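Notes for the structure review
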Amino acid sequence: MILSAVGAASCRDGTQETRKLPQEAYIWQRSWNADVVQAVDSSTDLFRAYVVLCAQIDSGPDGRLHVVTVPVDWQALAHANATVGIGIRVGSIPQLGAGDSAALDAIKSSISESIRQANAAGINPIEVQIDYDAASSRLEGYAAWLPQVRSATGGLPLTITALPDWLHRGAFAQVLRQVDGYVLQVHGLARPETSTDDLSIISPQNALAWARAAGRYGKPFRLALPTYGYAVSFDKKGRFIELSAEDFVRFQGTVHEVTTDPVAMQTLLARLNRRPPPGLEGILWYRLPLRTDKRNWSLPTLRAVISGETLRSDVVVECRPKTDTPALVDIALANRGTLDGMLP
């Protein structure tokens with residue numbers, strides 16, 4: 001069952017007490033390693049649940065389906081006593097609809113296998129979430145396709161991700177009738193044409209307006225907020241070359257680092273906590289930070305954003321005596337603050 005957020009309650013003196021919305025996080029890494037496990041172990045006190053990417057289904061240039069199964073460490077999630085939702089990413093699938101049996105079979109098989117693996121580790125998932133950015137003009141086909149997806153969930157709640165543009169489409173109501181809830185994605189970076197284009201990942205003002213609009217549908221929803229960044233490169237004439245959130249990509253041309261502002265997200269979260277739109281059940285952060293992430297917040301920064309702590313960086317030089325050679329010291333830089341800081 002999808003848990004409901006606790007809203008603001010009246011205190012005895014008649015004032016309103018702000019109650020914090022439940023927080024969740026996406027684990028969207030396709031490679032599970034010690035850093036992912038460590039991040040989960042360090043954050044179960046912060047997040048009510050995690051939505052874990054289990055499979056991605058795409059249609060390649062040759063028209064054939066490509067299914068990537070993520071080797072989720074279910075035992076690590078069980079050891080951490082984590083509450084988990086199954087995440088299935090559906091990429092570019094031409095003509096997706098009720099009659100697309102091959103794509104439907106692949107998606108249903110991925111759902112069933114993910115649930116089976118979770119159950120084998122002693123985990124009972126709380127939902128199946130389909131992440132599919134359907135074109136707004138094809139929402140009717142999406143609505144027809146969802147009942148068949150539900151048949152593979154084993155009775156688990158079926159949720160989807162949704163785009164802001166869908167809020168103004170009549171067919172969105174048809175989609176919502178087929179699901180138990182949805183996650184409104186209010187972040188993303190559109191492919192720029194030139195270096196003068198808007199490179200922001202999220203507009204807090206737009207995000208708040210979209211959340212208010214979503215509240216009018218009367219369907220439970222969560223809001224997906226970003227923690228990540230991108231690198232975008234342009235040639236000498238300011239024309240777009242490439243974009244990536246990966247750490248290891250070597251760019252050509254002039255590189256612009258685009259980040260999500262923690263202060264802006266903390267302010268937005270505070271506004272949502274004070275006056276949540278009807279139906280808003282929580283926040284889903286994309287994505288869970290790892291120690292090795294270069295284009296993502298650190299976990300301490302995300303923790304401070306959620307808790308409402310003052311965000312500040314405090315990078316200092318530390319001298320640490322060597323245990324085996326007391327006459328020598330290691331010189332290190334340390335951030336004692338709550339906000340990721342730049343090296344001096």
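Here the structure is a predicted model, which means the values were calculated and not measured.

What counts and how
- Residues numbered from 1 in each chain as written.
- Predicted model: local features only at pLDDT ≥ 70, side-chain atom pairs only at ≥ 80, totals over all residues.
- Heavy atoms only, no water.
- Pairing = 2+ DSSP bridges.
- Helix = DSSP H or I, 4+ residues; strand = E, 2+ residues; numbered from the N terminus.
- Axes fitted to C-alpha atoms, helices over the stretch in contact; angles between N-to-C directions.
- Core = buried A, V, L, I, M, F, W, Y, C linked by side-chain atoms within 4.5 Å.
- Buried < 20%, exposed > 50% of the residue type's maximum accessible area, 1.4 Å probe, protein only.
- Contact = heavy atoms within 4.5 Å.
- Phe/Tyr/Trp six-rings, centres within 6.5 Å; stacked < 30°, edge-to-face > 60°.
- Salt bridge = Lys/Arg side-chain N within 4 Å of Asp/Glu carboxyl O.

1. Considering the sheet that holds strand S12 (residues 240–244)
The strand order across the open sheet built from three strands is S12-S11-S13, with neighbouring strands paired in antiparallel fashion. In this open sheet, the two strands that pair with only one neighbour each are S12 and strand S13 (254–258). Here the strands of the sheet are splayed against their neighbours by 20° on average, with no regard to which way each runs. Where strand S11 (residues 230–234) lies against S12, four bridges are found, and the strand directions are antiparallel. Residue pairing across strands places Phe 234 opposite Phe 240, the latter belonging to S12.

2. Section: the nonpolar core
Core analysis: the largest hydrophobic core is formed by 92 residues, its most contacted members being Trp 74, Leu 77, Ile 88, Ile 130, Tyr 142, Tyr 182 and Trp 285. Leave out the neighbours within four places in its chain, and Leu 77 touches Ile 27, Trp 32, Val 40, Val 52, Val 72, Ala 82, Val 84 and Ile 123. Judged by nonpolar contacts, the second largest core, of nine residues, contains Leu 189, Ile 201, Tyr 228 and Tyr 230.

3. Looking at the packing of aromatic side chains
Counted by the stated rule, this structure contains 15 aromatic pairs. Their ring planes at 35° and their centres at 5.2 Å tell us that Tyr 142 and Trp 145 sit as a pair that is tilted. Of this pair, Tyr 142 and Trp 145 both sit in helix H4 (residues 139–150), separated by three residues, roughly a single helical turn. Take Tyr 142: its relative accessible area is 1%, and that puts it in the buried class. Classification of Trp 145 as buried rests on a relative accessible area of 0%. Here the aromatic cluster, defined as three or more aromatic residues joined through ring pairs, consists of Tyr 132, Tyr 142, Trp 145, Trp 166, Phe 172, Tyr 182, Tyr 217 and Phe 221.

4. Concerning unusual backbone geometry
Tyr 286 connects to Arg 287 through a cis peptide bond whose omega is 15°. Structurally, Arg 287 can be placed in the loop between strand S14 (280–286) and helix H8 (299–307). Phi is positive for Asn 81, which is not a glycine, with a value near 55°. Within the secondary structure, Asn 81 is located in the loop between helix H2 (74–79) and strand S6 (84–90). Accessibility expressed as a relative area gives 67% for Asn 81, which makes it exposed.

5. Details of the environment of Val 52
With respect to the helices and strands, Val 52 occurs in strand S4 (residues 49–59). Each C-alpha atom of the pair Val 52 and Val 84 lies 6.8 Å from the other, and the pair is 32 residues apart in sequence. Val 52 has contacts with Ile 27, Trp 28, Trp 32, Val 72, Leu 77, Val 84, Gly 85, Ile 86 and Gly 87, leaving out every residue within four places of it along the chain.

6. Quick look at the pattern of salt bridges
Across all of its chains, the model carries 13 salt bridges by this definition. Of the charged contacts in the structure, one is a salt bridge between Arg 303 and Asp 45, with a shortest N-O distance of 2.9 Å. Note that Arg 303 is positioned in helix H8 and Asp 45 in the loop between helix H1 (34–41) and S4, a separation of 258 residues in sequence. Residue classification places Asp 45 among the exposed positions, given a relative accessible area of 60%. Taking the shortest distance from any N to any O, the salt bridge between Glu 113 and Arg 116 comes out at 2.6 Å. Taken together, the positions of Glu 113 and Arg 116, both in helix H3 (residues 101–120) and three residues apart, correspond to about one turn of that helix.

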